[in-house]
Amino acid sequence: MAPQYNAETTGSELVTEFAAQIKGKVILTTGVSPKSLGAQFVQLIAEAEPALLILTGRNTTKAQQTAEVVAKAHPNVKTRVLKLDLGSLASVREGAAEVNSWDDVPHIDVLVNNAGIMAVPFALTADGYESQYATNHLGHFLFTNLIIDKLLKSSEPRLVSVSSDAHRFSPVRFDDNDFHRGENYNKWIAYGQAKTANMLMALSFAEKLGKKGLVAVSLHPGVIGTNLGDALDWTGGDVALLNSVDKTLGNREAWEDGLKWKTHDQGVATHVFAAFHPSLKEHNGAYLQDAHVADPWTETVKPWGTSPVEAERLWKLSEKQVGQEFTYN
């Protein structure tokens, strides 16, 4: 698919263009705290009158703040807040059970797995998994599988997995998922592993449920100043560590030519494209950036993020980690 859009394209432009696809839809978005891409996404698509915006957050107070912003600007758009701590498998199961209990929400049209953490110090979750992998991937894997029946009841179900070009830092580390319990932990390599997992999960869902009408894609939103990186030192040690990883891997260093920062509006353009562009039915499982299907010849698309073998290996590992198998015929 030839790029019709680029890094300058805004979410606002695409909401106007895809208004007919957004109107009347039920959309669940994870990670919508104020100043996040998730918040920007739901606030923009509210313009096109979706039927219901389901907003999840570890902190429901923050999610509620975003719901109130939507309600103030668009009083006719319904919102619902769901508590969902993706770093806790028990919380994920509780959140999924609540969604499945909503008789007044018989289907979900679009699930946007947007929540995440980035380059945090080493920590294990209560379930014993490295926190970036657990929060960014494992929680979404379990949540999506547990509510998949509601998604498949949509006439045009779509799953969006927010990844990053930081997937270049690492494939999934199948034999050392938690960095020897932190002994050889590198925060950027751990982030890369989690972002690769986001790509592979979309690929798996496309392969397993594409025949049932599900379109599943992943994306890189771009480099945007959000609350995701608030705890990072962007002028010192964290940037040096990031550059050292790129250097070790033989990648072009991100800071070499200066980062190309996007505005929040530009930063959610690929979210909107991924969630609503009709042409993506022909590109199921694709990885997107700048509101087009990423080109592995000219853009950062590592083969470990697009491999069906790696995707199936991750699916089986994830099933083992969450203690539940998900088989689709």
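Scroll up to find the structure.
Heads up: these notes are all about the structure in this document. Note that the structure is predicted; figures quoted are calculated from it, not measured.

## Focus on the overall build of the chain
In step 1: The number of helices and strands found in the chain is twelve helices and ten strands.
In step 2: In terms of overall size, the chain behaves like a compact globule, its C-alpha atoms giving a radius of gyration of 18 Å where 329 residues would be expected to give roughly 20 Å.
In step 3: Within the chain, the proportion of its 329 residues that are buried is 58%.
In step 4: The long-range fraction of contacts in the chain, counting pairs at least 24 apart against all pairs at least 6 apart in sequence, stands at 77%.
In step 5: Carbon and sulfur atoms make up 51% of the accessible area of the chain, which amounts to about 13900 Å² in all.
In step 6: Charge-centre separation for the chain: the mean point of 30 positive side chains lies 3 Å from the mean point of 38 negative side chains.

## Let's talk about the nonpolar core
In step 1: Residues Leu 28, Ile 54, Val 99, Ile 108, Phe 143, Ile 147 and Phe 205 are the most contacted members of the largest nonpolar core, which totals 44 residues.
In step 2: Elements represented by at least two residues in this core include exactly β1 (26-30), β2 (52-57), α5 (89-101), α6 (131-152), α8 (187-209) and α12 (308-322).
In step 3: Among the elements that make up this core, the one with the highest residue count is α6 (nine residues).
In step 4: Ignoring any residue separated from it by four or fewer positions in sequence, one finds Ile 54 in contact with Val 26, Ile 27, Leu 28, Thr 29, Arg 80, Leu 82, Trp 102, Val 105 and Ile 108.
In step 5: The next biggest cluster of nonpolar side chains, apart from the first, holds 39 residues, and it includes Tyr 5, Ile 22, Val 77 and Val 162.

## What to know about the side chain of Thr 270
In step 1: With respect to the element layout, Thr 270 can be found in helix α11 (residues 269-276).
In step 2: On the accessibility criterion, Thr 270 (0% relative accessible area) is buried.
In step 3: Separated by 3.3 Å, the side chain of Thr 270 and the backbone nitrogen of Asp 290 make a polar contact.
In step 4: Among the polar contacts made by the side chain of Thr 270, one reaches the main-chain amide nitrogen of Ala 291 at a distance of 3.0 Å.
In step 5: Here Thr 270 is in contact with Leu 219, His 220, Leu 288, Gln 289, Asp 290 and Ala 291, once residues within four sequence places are set aside.

## Re unusual backbone geometry
In step 1: Not every positive phi belongs to a glycine, and Glu 49 is a case in point at roughly 60°.
In step 2: Tracing the sequence through the fold places Glu 49 in the loop between α3 (37-45) and β2.
In step 3: When its relative accessible area of 47% is taken as the criterion, Glu 49 is described as partly exposed.
In step 4: Backbone geometry at Phe 179 places phi at a positive 55°, although glycine is not the residue there.
In step 5: Looking at the secondary structure, you find Phe 179 in helix α7 (residues 179-182).
In step 6: Phe 179 sits in the buried class, given a relative accessible area of 0%.

## Some details on the packing of aromatic side chains
In step 1: The final tally for this structure, using the stated rule, is nine aromatic pairs.
In step 2: On the numbers, 6.0 Å between centres and 65° between planes, the contact of Phe 169 with Trp 188 is edge-to-face. Taken together, the positions of Phe 169 in the loop between β5 (158-162) and α7 and Trp 188 in helix α8 put the pair 19 residues apart, joining distant regions of the chain.
In step 3: Taking the relative accessible area as the measure of exposure, Trp 188 reaches 2% and is therefore buried.

## Some words on the packing of α8 against helix α9 (residues 237-249)
In step 1: Axis separation between α8 and α9 bottoms out at 9 Å; the angle between their running directions is 65°. Contacts between α8 and α9 involve Lys 187, Trp 188 and Ile 189 on the former and, on the latter, Asp 238, Leu 241, Leu 242 and Val 245.
In step 2: Here the contact of α8 with α9 is built from residues that sort into five nonpolar, no polar and two charged.

So, how was this worked out
- Residues numbered from 1 in each chain as written.
- Predicted model: local features only at pLDDT ≥ 70, side-chain atom pairs only at ≥ 80, totals over all residues.
- Heavy atoms only, no water.
- Helix = DSSP H or I, 4+ residues; strand = E, 2+ residues; numbered from the N terminus.
- Rg over C-alpha atoms; globule rule 2.2 N^0.38 Å.
- Buried < 20%, exposed > 50% of the residue type's maximum accessible area, 1.4 Å probe, protein only.
- Contact = heavy atoms within 4.5 Å.
- Areas by Shrake-Rupley, 256 points an atom, 1.4 Å probe, with all protein chains shown as cover.
- Lys, Arg positive; Asp, Glu negative; His and termini not counted.
- Charge placed at Lys NZ, Arg CZ, Asp CG, Glu CD.
- Core = buried A, V, L, I, M, F, W, Y, C linked by side-chain atoms within 4.5 Å.
- Polar contact = N/O pair within 3.5 Å; in protein donor to acceptor, adjacent residues only side chain to side chain.
- Phe/Tyr/Trp six-rings, centres within 6.5 Å; stacked < 30°, edge-to-face > 60°.
- Axes fitted to C-alpha atoms, helices over the stretch in contact; angles between N-to-C directions.
- Nonpolar A, V, L, I, M, F, W, Y, C, P; charged D, E, K, R; others polar.

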